[in-house]
Amino acid sequence: MPDALQDRSKLPLPEPEFTGKIGKSYEDSVSAWPELPKPPKGAPNVLLILLDDVGFGQVSTFGGPVPTPTIDRLAAEGLRYTRFHTTAICGPSRAALITGRNHHNCGTGFLSEWATGFPSYNNMIPQSTATIGRILKDNGYQTSWFGKNHNTPDWESSVAGPFDRWPTGMGFDYFYGFIAGETHQYYPVLFENTVAVEPDRLPEEGYHFMADMTDRAINWVRYSKSVAPDKPFFCYFAPGAAHAPHHPPAEWRDKFKGQFDAGWEKVREETYQRQLVAGILPEGTELTPKPDWVQDWDGLSADEKKLFSRFMENFAGYLAYADSECGRLIDAVKELPDADNTIILYIVGDNGASSEGGFTGTVNEVMNLNGVASTIEDNLAAYDRIGGPDTEPHYPLGWAWAGNAPFQWVKQVASHFGGSRNPMVVSWPDRIKDAGGIRPQFAHLIDIVPTLLEAAGIPAPDFVNGVQQKPMDGVSIVSTFGAADAHAVRERQYFEIFSNRAIYDKGWIACAQHTFPWRQDFAPGHWENDKWELYNIDEDYSEANDLAAEHPEKLEEMKKIFDEEALKYNVYPLDDRGAGRLAEPKPSPGGADPNRTVFTYYPGAYRLPETASPNTKNRSHSIVAEIDNPDGKAQGVIVASGGQSAGFSLYVKDGKAVYHYNWFERERTSVISGKPLPKGKVKIELAFSYDGGGLGKGGDAILLVNDEEVGRERIENTVAGRFGIDTFGIGGDSGAPVSNEYKPPFAFKGGKIERVDIKLAERNLSESEEDELQERYLAFAQHIE
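Remember, it's a predicted structure, so these values are computed and weren't measured experimentally.

Cut-off values and rules
Residues numbered from 1 in each chain as written. Predicted model: local features only at pLDDT ≥ 70, side-chain atom pairs only at ≥ 80, totals over all residues. Heavy atoms only, no water. Helix = DSSP H or I, 4+ residues; strand = E, 2+ residues; numbered from the N terminus. Buried < 20%, exposed > 50% of the residue type's maximum accessible area, 1.4 Å probe, protein only. Contact = heavy atoms within 4.5 Å. Polar contact = N/O pair within 3.5 Å; in protein donor to acceptor, adjacent residues only side chain to side chain. Salt bridge = Lys/Arg side-chain N within 4 Å of Asp/Glu carboxyl O. 1 Å grid on protein atoms, 1.4 Å probe; cavity = no way out; pocket = protein on both sides within 12 Å on 5 of 7 lines; lining within 4 Å. Points joined across faces, edges and corners; volume = space filled by probe spheres on them. Nonpolar A, V, L, I, M, F, W, Y, C, P; charged D, E, K, R; others polar. Pairing = 2+ DSSP bridges. Core = buried A, V, L, I, M, F, W, Y, C linked by side-chain atoms within 4.5 Å.

Colleague: Teacher, can you tell me more about the environment of histidine 184 here?
Modeller: By secondary structure assignment, the location of histidine 184 is in the loop between strand E6 (174-179) and strand E7 (190-192). Owing to a relative accessible area of 3%, histidine 184 belongs among the buried residues under this scheme. Separated by 60 residues in sequence, histidine 184 and alanine 244 place their C-alpha atoms 8.5 Å apart. Apart from residues lying up to four places away in sequence, histidine 184 is in contact with Pro245, His247, Pro389, Thr391, Glu392, Gln644 and Ile725. One polar contact links the side chain of histidine 184 to the main-chain amide nitrogen of tyrosine 187, over a distance of 3.2 Å. Here the side chain of histidine 184 touches proline 389 through a polar contact of 3.1 Å, landing on its backbone oxygen.

Colleague: I tried to follow the pattern of salt bridges on my own but got confused; where do I start?
Modeller: Between side chains of opposite charge, pairing is possible as soon as their charged atoms come close. Tallying each qualifying case throughout the model produces 50 salt bridges. Between lysine 681 and glutamate 754 there is a salt bridge whose closest N-O contact spans 3.0 Å. Of this pair, lysine 681 sits in strand E27 (residues 680-690) while glutamate 754 is found in strand E31 (residues 752-760), placing the two residues 73 residues apart along the sequence. Judged by its relative accessible area of 58%, lysine 681 falls in the exposed class. Each of the salt bridges in this network shares a partner with another, and the network as a whole consists of Asp52, Arg94, Lys148 and Asp350.

Colleague: So what exactly am I meant to see when it comes to empty space enclosed by the protein here?
Modeller: Taken as a whole and judged by the stated rule, the model has six cavities of 30 Å³ or more. Of the voids in this model, the largest cavity is the one considered here, and its volume is about 280 Å³. In terms of residue class, the lining of the largest cavity is built from nine nonpolar, seven polar and seven charged. Residue lining of the second largest cavity: 13 residues in total, with Thr616, His621, Tyr661, Phe688 and Thr718 positioned closest to the centre. Contributing elements (two or more residues each) for the lining of the second largest cavity: strand E25 (656-663) and E27.

Colleague: Help me understand the pairing of strand E17 (residues 500-505), please; the structure alone is not making it clear to me.
Modeller: Within E17, six of the six residues are buried, which leaves the element mostly enclosed by the surrounding structure. Sheet topology places strand E16 (residues 492-497) next to E17; six bridges connect them, and they run antiparallel. What sits directly across from tyrosine 494, in E17, is isoleucine 503. In this structure, the hairpin formed by E16 and E17 is closed by a connection of two residues, where phenylalanine 498 is found at a positive phi of approximately 55°. Bridging between E17 and strand E18 (residues 508-512) involves five bridges; their strand directions are antiparallel.

Colleague: Just checking my understanding: could you explain the nonpolar core for this structure?
Modeller: A general tendency of soluble globular proteins is for nonpolar side chains to be buried together. Core analysis: the largest hydrophobic core is formed by 97 residues, its most contacted members being Leu47, Phe146, Phe237, Trp264, Phe308, Tyr346 and Trp399. If one sorts the elements of this core by residue count, helix H7 (residues 302-334) sits on top with 16 residues. If near-sequence neighbours (up to four positions away) are discounted, tryptophan 399 is found in contact with Gln58, Phe260, Gly263, Trp264, Val267, Trp297, Phe308 and Met312. With 53 residues, the next largest nonpolar core counts Ala96, Ile135, Trp145 and Met170 among its residues.

Below, the structure written as structure tokens:
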């Protein structure tokens, strides 16, 4: 059917009528194959790259100190957008990007760890906001998603599903990546489509997830074009970089040795000057002053300066390495026969630079987030290993402030551009001729889907799978591809994350900062008491001069507009609770009782998220494994939870049962059987008697074989909140190993695991202890968004 006659308003497209002829036999019949969906003629390939936790002033293309030659090269042949915006935090930004709707309007007002039962905050992207993957696939595109997926709710990320909100359920033919806010780059928690998979080698053998996902994406693009050269592709490439843990290969970290010794104030000033010279900032733009929550670099000790510089060197190496890998993928795309008809969008961050490393940074983020503080001495002891497989680093917040130059604030603070303004570069050789041009039009993530649909000649559907669609909230920016002075495409946009809120309207922006990224246990309430600021960003690009006192009538007008937009896009109810939202019960996997205390698992239960596995913390519990040891040669992990940062593992090695408990690598306790396991059927039990009296207390670990005590050790400290970003599994220790006495996954061999039963005692915590526990969960969750 000719493109002009194809009705694309309802997806999937209707099955075409049979155009052949059916007689009594094949001899008087004419066969005719149904025509498969095809996009309009000339529809471009699309490569959409989205980095993680990168500030406006961090990459060289926008004046930053980190060289990013791939972005530089792309900008030289395409366009730089200097007023492009995100939501200021990851999951909501990503939902807005793939649906073309404001984040509240697609159920993702905040992160799944804080989800509540309100439609705008349940983190369950509705069928009424179909993704760009679904729309393009149903119109004949090949679609894929590589890397980070923080849009599948926690409680739907296990083998129990449902899989509707996994990438493959949202219209992406192929997915290879992780389902979380972050993952370990050397020991990632990986899924291929909906199946858990493991890296093909260990870190010491050269494995790194950034290179792995790039290899996979290159292979997918090439294979797709080899098989169907005329079929356009859509590839969504979302690295975990540069979100913590900051994991560059050592040679990349070492490239930056000594480059940040001058401190964050100096680095920020130098960035600002480069931005002015390059025309990224309009003439006259001011550099906003240093706030009181950033320490003076000159006031730091020599050890602090040495350590904090190292953290930034490590981050710079990670970001530069990620850009280099993105360059490998872009090079592969450029080799395709239809490379010139390929739109490449390179969005540098889903929010501003992250302050979640706190005031001093860390090499063990999980320990810090559980309320166990690291010291300068602890971190200096790991100085040479920072960024390696046995560290999980994050830089101090002073570097985040510097990385968002010239703006105020940081990630999560949606009220100000330090949280929400990110660089974007667009290349499309067939259509964009203003090579190296700058585009100053105000734009937002929600504008990307309408832009791609216009570029492909595909309308936004009215119905998808019989479900009426919400209108697109975004508008196309295709008009800016050909003209630097194109009319403003977006004259109004609201922002809201965790009650930090702002409203932009025709050059003015009003904003109210409410909560702090490093104090989400602090819920001030009383929104009516927030101090609103007012800026004319047509004249004051960096939000340096608050005009609220000079124009009170304008401020009141803007506040009313915010309320109108908040009602229109379902922003209400505002909710600034940290621990309270985190503690609100979420749906359980498969509808299971969230308070259950008895669990049975069998071999094959693997890569279960910690939040969906038995919570053995702060209580007595038992783990009973029934195994078959036919020749006395069985060995390997029976059950493990957590990983290198913290966790437990019950395993067999050298013929003996072992229980290992890892308390943030500071204390490692092994209970080793005093005798070898007998041949045949064996019952191995670990009974843990918790001391009680608060969170993270100690207890006695008793190891039994066939009901006979064979080992006992005292564990002085236990993990109160979370083991980390690793998972629970039977028959192996996937990811980073809990114990350093074996190489992962140390799969169970030479015998058979029949079953593993885990029983939890009732956890009797006082109200204050419950509050403390929720604050620890909160600290962990806020970091992994």
